[in-house]
Amino acid sequence: MTDKQPVTQEKQHALDWVANNATALSDWHQVIFHYGETAWREYRSCAWYVERLRAEGFRVEEGSGGMPTAFCASWSHGEGGPTLGGYAEYDAVPGNCQAADVVQKPRAGLSKHAGGHTDPHSALGIGALGGFLAAKAAMEKYKIAGTLKFFGEPAEKQRASKPIHAAKGYYDDLDAAISFHPFYMLPLTNTTRWNTHCGAAFVVMYTFECDSPET
């Protein structure tokens, strides 16, 4: 067992950025949580990210890949350097409307059958955004060259947008990507899985009909 390596000043600056902006990140999460928009209907959530990223200096393509609730944002510093990809997910799950409370009840004015964040993607997306903004702050301060490319990936529960972004070449210039999703099985709750976890995937949906329910 070797001793833990010391944290570099660049990494420490990123960590400090997260700590100093913890309240804002929490507030931003609440915004997306209360939108609770389901797959392909994440209009307000997507618009929030687009506005926030532009305010942070990113160039943002809205409706990337022909998807109305997707986006592709990029920010570069210096000449050359790697291109690092990441993403926010922000689709909610139908039938999982839940107030921010310790008892089971829907958000005010909504049915329990409305959309709600169960994973929650509201926190996943804001956590990823916070990481990229922290990296941006460190790159600016320590003159680190490179490009950050941050995607809005709608309809994750349908495995929908990432294959479209991939097929249309949006990932082609990435040198590396961080694919983050909390995992639900102990003891892996605070980690991710290699290779395929939360990457681009296709899914099939089946519909069953009963023509003679009385029999």
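See the structure above.
Below you will find a few notes about this structure.

## What to know about the layout of surface pockets
Thought 1: Estimates place the volume of the largest pocket at around 420 Å³.
Thought 2: Surrounding the largest pocket, 21 residues form its lining, Leu84, Gly131, Phe132, Ala135 and Ile178 being those nearest its centre.
Thought 3: Its residues placed into classes, the lining of the largest pocket shows 14 nonpolar, six polar and one charged.

## Some details on the pairing of strand β2 (residues 71-77)
Thought 1: Counting buried positions over the seven residues of β2 gives five, a clear majority of the element.
Thought 2: With four bridges connecting them, strand β1 (residues 59-62) and β2 associate as antiparallel partners. Its bridge partner being in β2, Val60 is matched across the sheet by Ala73.
Thought 3: Where β2 meets strand β4 (residues 146-153), seven bridges bridge the pair, whose relative direction is antiparallel. Residue His77 lies in a different strand from β4, and its bridge partner there is Gly146.

## Describing the packing of aromatic side chains
For any pair of aromatic rings, the description rests on two quantities: the centre-to-centre distance and the angle between the ring planes.
Thought 1: For the coordinates displayed, the defined rule picks out eight aromatic pairs.
Thought 2: Ring geometry for Phe132 and Phe150: centres 5.1 Å apart, planes at 50°, overall tilted. In this pair, Phe132 is assigned in helix α4 (residues 121-141) and Phe150 in strand β4, connecting sequence segments 18 residues apart.
Thought 3: Judged by relative accessible area, which is 6%, Phe132 ranks as buried.
Thought 4: Owing to a relative accessible area of 0%, Phe150 belongs among the buried residues under this scheme.
Thought 5: In textbook terms, an aromatic cluster arises when at least three aromatic residues are bridged by ring pairs, as seen for Trp28, Trp48, Tyr49, Phe71, Tyr90, Phe132 and Phe150.

## Considerations on the nonpolar core
Thought 1: Within the largest apolar cluster, 28 residues are counted, with the highest numbers of intra-cluster contacts made by Tyr49, Leu53, Phe58, Phe71, Ile126, Leu129 and Phe150.
Thought 2: Among the elements of the structure, α1 (9-20), α2 (22-35), α3 (43-55), β2, α4 and β4 are those that each provide at least two residues to this core.
Thought 3: Among the elements that take part in this core, α4 stands out by supplying nine residues, more than any other.
Thought 4: Membership of the second largest hydrophobic core comes to five residues, among which are Tyr87, Phe151, Tyr170 and Leu174.

## Details of the packing of α2 against α3
Thought 1: Two elements in contact, α2 and α3, have axes separated by 9 Å at closest approach and are oriented at 155°. In terms of axis orientation, α2 runs roughly antiparallel to α3. Mapping the contact onto sequence places Trp28, Val31, Ile32 and Tyr35 in α2 and Arg44, Ser45, Trp48, Tyr49 and Arg52 in α3.
Thought 2: For the contact of α2 with α3, the residue count by class is six nonpolar, one polar and two charged.

Parameters at a glance
- Every chain's residues receive numbers from 1 upward, in the order its sequence appears when written.
- The predicted origin of the model limits local features to residues at a pLDDT of at least 70 and limits the giving and counting of side-chain atom pairs to 80 or more, whereas totals for whole chains, interfaces and linings rest on all residues.
- With hydrogens and water stripped out, all remaining heavy atoms of the structure feed into the side-chain values.
- Lining residues are defined by having an atom within 4 Å of a point belonging to a cavity or pocket. Those points lie on a 1 Å grid over the protein atoms alone, cavities being sets where a 1.4 Å probe fits but cannot get out and pockets being open sets with protein on both sides within 12 Å along at least five of seven lines.
- Grid points are joined across faces, edges and corners, and a volume is the space filled by probe spheres set on the points.
- Residues are grouped as follows: Ala, Val, Leu, Ile, Met, Phe, Trp, Tyr, Cys and Pro are nonpolar; Asp, Glu, Lys and Arg are charged; all remaining types, including Gly, are polar.
- Working definition: with a 1.4 Å probe on protein chains only, accessible area under 20% of the residue-type maximum means buried, over 50% means exposed, and in between means partly exposed.
- A helix here means a DSSP run of H or I that spans at least four residues, while a strand means a run of E at least two residues long, and both kinds are numbered starting from the N terminus.
- A pair of strands counts as paired when DSSP detects no fewer than two bridges linking them.
- Pairs were defined over the aromatic rings of Phe, Tyr and Trp, the Trp ring being its six-membered one, requiring ring centres within 6.5 Å. Orientation was assigned from the angle between planes: stacked under 30 degrees, edge-to-face over 60, tilted for the rest.
- Here, nonpolar core refers to any group of buried Ala, Val, Leu, Ile, Met, Phe, Trp, Tyr and Cys residues whose side-chain atoms link them within 4.5 Å.
- Axis lines are fitted to C-alpha atoms, over the contacting stretch for helices. Their N-to-C directions set the angle, which ranges from 0 to 180 degrees.
- Should an angle lie under 35 degrees it is considered roughly parallel, over 145 roughly antiparallel, and from 65 to 115 roughly perpendicular; all remaining angles are considered oblique.
- What makes two residues a contact is simply this: any of their non-hydrogen atoms within 4.5 Å.

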